[in-house]
Amino acid sequence: MTVLSVNINKIAVLRNSRGDTLPSVAQAATTCLGAGCGGITVHPRPDLRHIRPDDVRTLAKLLRGGAAEFNIEGNPFAPARDSYPGLLELCAEAGAQQATLVPDADGQITSDHGFDLLKDAQRLKPLIRELKAAGCRVSLFMDADSAHIEHAAEIGADRIEIYTGPFAHAFEAGDCGRELDLCAKAAERAQAVGLAVNAGHDLNQANLGVFLRTVPNVAEVSIGHALIGEAIYDGLAPTVRKYLAVIAAARG
Ligand SMILES: CC(=O)[C@@H](O)[C@H](O)COP(=O)(O)O
Ligand SMILES: NCC(=O)COP(=O)(O)O
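Scoring rules and cut-offs
- Residues numbered from 1 in each chain as written.
- Chains lettered and ligands numbered in written order.
- Predicted model: local features only at pLDDT ≥ 70, side-chain atom pairs only at ≥ 80, totals over all residues.
- Helix = DSSP H or I, 4+ residues; strand = E, 2+ residues; numbered from the N terminus.
- Buried ≥ 20, exposed ≤ 12 C-beta atoms within 10 Å, placed from the backbone.
- Pairing = 2+ DSSP bridges.
- Near = placed C-beta within 6 Å.
- Nonpolar A, V, L, I, M, F, W, Y, C, P; charged D, E, K, R; others polar.
- Axes fitted to C-alpha atoms, helices over the stretch in contact; angles between N-to-C directions.
- Contact = placed C-beta atoms within 7 Å.
- Core = buried A, V, L, I, M, F, W, Y, C linked by C-beta atoms within 7 Å.
- Left-handed = near helix turned anticlockwise from the far one by under 90°.
- UniProt positions renumbered as here; feature names shortened; annotations may be inferred.

**A few points about unusual backbone geometry**
Here leucine 22 and proline 23 are connected by a cis peptide whose omega angle stands at 0°. With respect to the element layout, proline 23 can be found in the loop between helix H1 (9-16) and helix H2 (25-34). The backbone of leucine 48 sits at a positive phi, close to 60°, despite the residue not being glycine. In this structure, leucine 48 sits in the loop between strand E2 (39-42) and helix H3 (53-63). Of the residues examined, leucine 48 has 16 C-beta atoms within 10 Å and is grouped as partly exposed. For histidine 201, which is not glycine, the phi dihedral falls at a positive 115°. The residue histidine 201 is located in the loop between strand E7 (196-200) and helix H9 (208-214) in this model. The class for histidine 201 is buried, based on 24 C-beta atoms found within 10 Å.

Right under this line is the structure:
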């Protein structure tokens, strides 16, 4: 069954808007876990716009020893600075079960592309080795139409995460056949070389079902922006349960 990992970045956006402690990311994570999700995802960015290093530490304590997965996403090349220790150090300190490496630049509004492994493979290889030595499973954020998906296995990654933004936009426009096909082929190519397949970005209750019915054996979806937005109307726990129902229904 596909694991639902809830991305709680947006809880931190709301909290940071007042510079105070509420809403609490820990309480949001506890609520999502109580509703049955299989993991919590955060994407700490060096500009500290939402999840901060201290949130990662708090969530690490909350999740340590439990059954749920802690997935930390981010740019492994972003240098450490006073306020941000760097992705690798954060993942190791938090005992993250999964590190999802994403090639985004400082200040980028959100992630909008996967790795170009022709360019980045050799830089990534030692970082993947280091993360795995720290006990993290490593997933690489990849475009569905990447010609280099198989390289992810060659440089030691365990999984890829298919960047689903283009699929979600095509779904919204009413014509997602080509993008779905690209995602399904990307998954098949990854699985053929032993990589497990995650997916994420702009997935929502409307588009998730067709995605999971079409793309084979998706191990995990990480969903944040839409889920937290929908929770404004329906409540966080009921919204998580609705996603779990979509995932269960997609199994047929
Ligand atoms: C890799 C990915 O698709 C998500 O982590 C997304 O980037 C969420 O990050 P933001 O919440 O900062 O947009
Ligand atoms: N890896 C994708 C993720 O964590 C959430 O992306 P989004 O649902 O906030 O677009």
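**Some words on the pairing of strand E6 (residues 159-163)**
Across the 5 residues of E6, 5 count as buried, placing the element largely inside the fold. Side chains of E6 alternate between two faces, with Arg159, Glu161 and Tyr163 and Ile160 and Ile162 buried alike. Summarising the sheet, strand E5 (residues 137-143) and E6 pair through 5 bridges and their orientation is parallel. Of the residues in E6, the one forming a bridge with phenylalanine 141 is glutamate 161. Where E6 lies against E7, 5 bridges are found, and the strand directions are parallel. Counterpart to glutamate 161 in the pairing with E7 is asparagine 198.

**Concerning the site of ligand 1**
Contacts to ligand 1 come from Asn7, Asn9, His43, Arg45, Glu73, Val102, Thr110, Ser111, Phe141, Gly200, His201 and Gly224. Looking at the shell around ligand 1 residue by residue, the class counts come to 2 nonpolar, 8 polar and 2 charged.

**Overview of the sheet that holds E5**
The 8 strands are arranged E1-E2-E3-E4-E5-E6-E7-E8 in a closed barrel whose pairing can be described as parallel. Each strand axis lies, on average, 25° off the axis of its neighbour in the sheet, ignoring direction. Here strand E4 (residues 98-101) pairs with E5 via 4 bridges, running parallel. What sits directly across from leucine 101, in E5, is leucine 140. Relative to E6, helix H8 (residues 177-192) is tilted by about 170°, and along the sheet it contacts E6, E7 and strand E8 (218-223).

**As for the nonpolar core**
Membership of the largest hydrophobic core comes to 74 residues, with the highest contact counts inside it found for Ile160 and Ile162. Ignoring sequence-local partners within four residues, the contact set of isoleucine 160 consists of Ser139, Leu140, Met142, Ile149, Ala152, Ala190, Leu195 and Val197.

**Quick word on the packing of H2 against H3**
The interhelical angle for the contact between H2 and H3, taken along N-to-C directions, is 35°, at an axis separation of 10 Å. When the axes of H2 and H3 are compared, the crossing they make is right-handed. Taken together, the residues of H3 that come into contact with H2 (itself represented by Val25, Ala26, Ala29 and Thr30) are Asp55, Thr58, Leu59 and Leu62. The class makeup of the residues in the contact of H2 with H3 is 5 nonpolar, 2 polar and 1 charged.

**Looking at the UniProt feature "binding site: 3-amino-2-oxopropyl phosphate" (unreviewed entry) in the chain**
The positions that UniProt labels "binding site: 3-amino-2-oxopropyl phosphate" (unreviewed entry) are, in the present scheme, Asn7, Arg18, Asp202, Gly224 and His225. The greatest C-alpha distance among the residues just named is 25.9 Å, and with 219 residues of sequence between them they are spread in space as well. Topologically, aspartate 202 is positioned in the loop between E7 and H9. Residue class for aspartate 202 comes out partly exposed when judged on the 19 C-beta atoms lying within 10 Å of it. Tracing the chain through its elements places glycine 224 in the loop between E8 and helix H10 (225-234). Under the C-beta neighbour-count criterion, glycine 224 is labelled buried, with 23 such atoms within 10 Å. In this structure, glycine 224 is in contact with Val6, Asn7, Ile8, Asn9, Lys10 and Thr41, ignoring residues within four places of it in sequence.

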